[in-house]
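Structural features, examined
Residues per chain, in single letters:
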Amino acid sequence: MKNTIGKAAIDIGNDSIKSLFESPSNQILIPNLVAEIGINRNVKEYEKDVLDGIHIEITSGALKRKHGVYAVGNLAKQQHNYSELAIHSKKCENDQSLILLLTSLAINAVQSGIFSSNEEIIEAKYYLSTGLPILEATLDERKQFRDKLQKNTHEIRFLQTPLLQGKTVRITFEKVFVNLEGLASFINLSKNNEELIQQEMMIIDIGGLTTDVAVIQKATVNNTMSTGYSEGVSPYLDRIINRVRSEIGYPIKTRKDIVEIIINNNPTDKNHVYVYGNRTCVSHIVEEELMKLARKQYYYMLDIWNQVPSLRIAYFVGGGAIVLKDYLEAIINKEDKNFPIRFLRTNDSIWSMAESYFSILETWLNTLHKENINNVG
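Residues numbered from 1 in each chain as written. Predicted model: local features only at pLDDT ≥ 70, side-chain atom pairs only at ≥ 80, totals over all residues. Heavy atoms only, no water.

1. Here we look at the overall build of the protein chain
Within the protein chain, the secondary structure is distributed over 10 helices and 18 strands. Computed over the C-alpha atoms, the radius of gyration of the protein chain is 21 Å, within 12% of the 21 Å expected from 2.2 N^0.38 for a compact globule of 377 residues. Oriented by its inertia axes, the alpha-carbon framework of the protein chain measures out at about 65 × 65 × 35 Å. When each of the 377 residues of the protein chain is scored for burial, the buried share is 54%. (Helix = DSSP H or I, 4+ residues; strand = E, 2+ residues; numbered from the N terminus. Rg over C-alpha atoms; globule rule 2.2 N^0.38 Å. Buried < 20%, exposed > 50% of the residue type's maximum accessible area, 1.4 Å probe, protein only.)

2. Quick notes on the pattern of salt bridges
Applying the stated criterion to the full structure yields 25 salt bridges. The salt bridge involving glutamate 362 is made with lysine 7; its shortest N-O contact spans 2.9 Å. Residue glutamate 362 is located in helix α10 (residues 346–376), and its partner lysine 7 is located in strand β1 (residues 5–12); the two are separated by 355 residues in the primary sequence. Looking at glutamate 362, the relative accessible area reads 26%, which means it is partly exposed. Assessed through its relative accessible area of 17%, lysine 7 is described here as buried. Through salt bridges with shared partners, one network takes in Arg239, Arg243, Glu247, Glu288, Glu289 and Lys292. (Salt bridge = Lys/Arg side-chain N within 4 Å of Asp/Glu carboxyl O.)

3. Structural notes on the UniProt feature "domain: Alp7A-like C-terminal" (unreviewed entry) in the protein chain
The UniProt entry lists residues 201–336 under the feature "domain: Alp7A-like C-terminal" (unreviewed entry), expressed in the numbering used here. The distance from the first to the last C-alpha atom of residues 201–336 is 20 Å, and the span holds 48% helix and 23% strand. (UniProt positions renumbered as here; feature names shortened; annotations may be inferred.)

This is the structure in structure tokens:
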């Protein structure tokens, strides 16, 4: 009988849930979309990819609604009643974030084959490393979030899901780490760069609904100067979607869809949509809306730098930083203050937080392993 404990690092993003299992190369990304749906979704033909047809029944004491049937991710996008995270919602209190987190774990539990199973039930136990924004990261809030996961059993049954139909996963947690997002960002940035450990820096993590500013001094988060803002890219993306629909007559379904249009590497398609097959530019709408947020982010950075003048460098990270990069650089270059700012590459920025959580988990497990060896000795 298997008694393996899995390793998971999960970044609960407002745009998507990014999960790493066992190693940084084993990734699952699911758009943060959920829709209530019936037990039978009238399948004509199953999707080719599991992630395109996630249809689950979930029962968990961690949820406000203890039981429900949902379409998740790409399948939710096809429903009329899908929901994205609402503005001002908190990750630590939101059922949707937990549904996505538990779903990604359940998919891994089935696909990995490392857990014990009894007929159709897979018993999966995990070490989990995740995190919360600074605005939600008081010790009490982190403890409450950890307890919701660690003190409950979570059962996910795959309904009409390709390749997984009929499988049930019962999830428990051996240990849950709820990290401070700012410190986690620093750990990931500095793990392959010894020079950064010695520098005083600011890390600005721009998310969908919040912005975290972590001030790092002597390789430690400055609790007084580090702060968070209830400001992210999601409301601006929503306005772009609404304006494109009303001014151009083109429906964009989700925030993820408009992000892909904004950051498209193909210059022909970047900031363009195809209205009845005709290429149509939306850059005037995108620029007008995103410049508003970029100016706010610039002033957040400037305000902190004025209060902590010894800072040497600022890193913009997170999905929002990718969306705002061109606009932030335009504003900063216009101000001509020669700020030493850095942006990560697109893929690195998307996965930086999950990789940070994984590094923290690995460090703890290595320490635990050494202690066990010493105790045996």
